[in-house]
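Take a look at the letters that make up each chain.
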Amino acid sequence: MLVILSGSSGVGKNTVINEVLKQSNNIELMPTITTREMRSGEEPGKPYVFVTKEEFEQMIKEGELIEYQIVHGFYYGTPKRIVEEKLKDKKILIKDIDVDGTQVLAKNLKNVVTIFIKPASKEQLIERLKSRGETRIDARLARYDYEEEMSKKYQYIVVNDKLEDAIEKITEIINREYQKR
Ligand code: 5GP
């Protein structure tokens, strides 16, 4: 089962994912191939596999990606073989994917649960972006209305007002969906 989490920049997707991973030993991060540079504190393969633009474009040509998008000027894509193998093994995979990539995956894979995380309000989101020292707030908010519109296509919407409540709700959704399959 693949659990996809989406939501606007600053809504807390990564914090939620890290907490869900800490609390559960049968959930893994889904790998992503990307052309962006590795940030300090990151390790290759966890979950980003870093490649050059040429290598990425070769993978597109060879049909090795189930989906890919350009986000903030870099390629990000989902490796077909690894994901299909893990899903066959009844693993639970979790990943933060943008709203367009989610639609492609939901169409192409059977076992997908889509969750959209919203802030309590746009003002709350702006406050969170400011408090984490974000300087390009306008750029990060530019997709907000589009993402809100796309949220209608998700199976679940969770409001991240209080972090603990959002984590509890998302864990419940994952467990319930896993029991059903
Ligand atoms: P970052 O570089 O900040 O870790 O991620 C940038 C954006 O890329 C995130 O908003 C995330 O949703 C998106 N992203 C990460 N992995 C994938 C992927 O495999 N496919 C797609 N379409 N988007 C991804």
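Scroll up a little and you will see the structure.
Along each chain, residues carry numbers from 1 onward, in the same order as the chain's sequence is written. Restriction of local features to residues with pLDDT of at least 70 applies here, the model being predicted, together with a cutoff of 80 or more for giving and counting side-chain atom pairs; totals for whole chains, interfaces and linings are based on all residues. Based on all heavy atoms of the structure, the side-chain values leave hydrogens and waters out of the count.

Colleague: Describe the sheet that holds strand E6 (residues 74-79), and please don't skip the residues or the numbers.
Modeller: When DSSP finds at least two bridges between two strands, those strands are taken to pair. Only DSSP runs of H or I covering at least 4 residues are called helices, and only runs of E covering at least 2 are called strands; the numbering of each starts at the N terminus. Within the open sheet, the 4 strands sit side by side as E4-E3-E6-E5. Their pairing is mixed. Sheet topology places strand E4 (48-50) and strand E5 (65-71) at the edges, where each strand pairs with a single neighbour. Strand-to-strand twist across the sheet, computed as the mean angle between neighbouring axes with direction ignored, equals 25 degrees. For strand E3 (residues 32-34) and E6, the ladder comprises 2 bridges, and the chain directions are antiparallel. Residue pairing across strands places Thr 34 opposite Tyr 76, the latter belonging to E6. Two residues qualify as a contact provided that any one of their heavy atoms is within 4.5 Å of a heavy atom in the partner residue. Axis definition: a line fitted to C-alpha atoms, limited for helices to the stretch in contact. Angles are taken between N-to-C directions and run from 0 to 180 degrees. Across the sheet, helix H2 (residues 53-61) is in contact with E3, E5 and E6; its angle to E6 comes to roughly 45 degrees. The strands touched by helix H4 (residues 99-108) within the sheet are E5 and E6, with E5 carrying the most contacts at an inclination of about 170 degrees.

Colleague: I'd love a proper account of helix H5 (residues 122-131), names of residues and values included.
Modeller: Exposure classes here rest on a 1.4 Å probe applied to the protein chains alone. A residue is buried below 20% of its type maximum, exposed above 50%, and partly exposed in between. All buried positions along H5 are accounted for by Gln 124, Leu 125 and Leu 129. Seen along its axis, H5 keeps its buried residues to an arc of 140 degrees; they face one direction. Residues of H5 that are exposed and angled more than 90 degrees away from the buried face: Glu 123 and Ser 131. The elements touched by buried residues of H5 are helix H6 (137-141) and helix H7 (144-150). As used here, the arc is the angular range of directions from the helix axis to the C-beta atoms.

Colleague: So what's going on with the packing of aromatic side chains? Residues and values would help.
Modeller: What counts as a ring pair is set by centres within 6.5 Å for rings of Phe, Tyr and Trp (its six-membered ring), and what kind of pair is set by the plane angle: stacked under 30 degrees, edge-to-face over 60, tilted for all other angles. Inspection of the entire model under this criterion finds 6 aromatic pairs. Plain terms: the ring middles of Phe 56 and Tyr 68 are 6.1 Å apart, the flat faces sit at 75 degrees to each other, and that makes the pair edge-to-face. Here the residue Phe 56 occupies a position in helix H2, and Tyr 68 occupies one in strand E5, the gap between them amounting to 12 residues. Assessed through its relative accessible area of 36%, Tyr 68 is described here as partly exposed. Among the aromatic residues, those joined into a cluster by ring pairs are Tyr 48, Phe 50 and Tyr 76. Distance and angle both matter: a charge sits over a ring if NZ of Lys or CZ of Arg is within 6 Å of the ring centre and within 35 degrees of the ring normal. Lying over the aromatic face of Tyr 48, Arg 36 brings its terminal NZ or CZ to 4.6 Å of the ring centre.

Colleague: Give me the lowdown on the pairing of strand E9 (residues 156-159), citing residues and values where you can.
Modeller: Only one face of E9 is covered, namely the one carrying Tyr 156 and Val 158; the face carrying Ile 157 and Val 159 has none of its residues buried. Summarising the sheet, strand E8 (residues 112-118) and E9 pair through 4 bridges and their orientation is parallel. In the strand pairing of E9, Phe 116 is matched with Ile 157.

Colleague: Could you give an account of the site of the ligand, with specific residues and numbers?
Modeller: By nearness alone, 15 residues border the ligand, and Arg 36, Tyr 48, Glu 67, Tyr 76 and Asp 96 come closest of all. We define a polar contact as two N or O atoms separated by no more than 3.5 Å, with the added condition that, inside protein, one atom must be a possible hydrogen donor and the other a possible acceptor, whereas residues neighbouring each other in sequence contribute only through side-chain atom pairs. Asp 98 has a polar side-chain atom sitting 2.8 Å from a nitrogen atom of the ligand. Exposure was quantified through the Shrake-Rupley algorithm and a 1.4 Å probe, taking into account, for residues, occlusion by the shown protein chains and nothing else. When the ligand sits alone it has 510 Å² of accessible area, and the protein chains cover 89% of it. Mapped onto the shell around the ligand, the elements with two or more residues apiece are E5, E6 and strand E7 (92-96). Classification used: nonpolar for Ala, Val, Leu, Ile, Met, Phe, Trp, Tyr, Cys and Pro, charged for Asp, Glu, Lys and Arg, polar for all others including Gly. Taken together, the residues that form the shell around the ligand break down as 4 nonpolar, 5 polar and 6 charged. Distances are taken per atom, and a residue is near a molecule or strand as soon as one of its heavy atoms is within 4 Å of it.

Colleague: Account for a negative patch on the surface, with residues named and values stated.
Modeller: Among the surface-exposed residues, Asp 161, Glu 164, Asp 165, Glu 168 and Glu 172 lie close enough to one another that they form a single negatively charged patch. Residue placement: Glu 168 occurs in helix H8 (residues 163-180). Only residues whose relative accessible area exceeds 30% and that form no salt bridge are eligible for patches; like-charged ones are grouped when within 9 Å, while nonpolar side chains (Val, Leu, Ile, Met, Phe, Trp, Tyr) are grouped when within 5 Å. Within this document, salt bridges are pairs made up of a side-chain nitrogen of Lys or Arg and a carboxyl oxygen of Asp or Glu, the two lying within 4 Å of each other. His is not counted, nor are the chain ends, whereas Lys and Arg count as positive and Asp and Glu as negative. Where a charge lies is defined by one atom per residue type, namely NZ (Lys), CZ (Arg), CG (Asp) and CD (Glu).

Colleague: If you had to explain unusual backbone geometry to someone new, which residues and values would you point to?
Modeller: Following Lys 46, the chain continues to Pro 47 via a peptide bond in cis, the omega torsion being -5 degrees. Among the secondary structure elements, Pro 47 is positioned in the loop between E3 and E4.

Colleague: So, the sheet that holds E7: which residues are in play, and what are the values?
Modeller: Judged by pairing direction, the sheet is parallel, and its 5 strands sit side by side in the order E2-E7-E1-E8-E9 without closing on themselves. Every interior strand has two partners, whereas the edge strands, strand E2 (27-29) and E9, have only one. Mean inter-strand twist for the sheet, computed between neighbouring axes without regard to direction, equals 25 degrees. Relative to the sheet, helix H1 (residues 13-23) contacts strand E1 (2-6), E2, E7 and E8, its axis offset from that of E7 by approximately 160 degrees.

As far as function goes, none of this settles anything; it's purely spatial.
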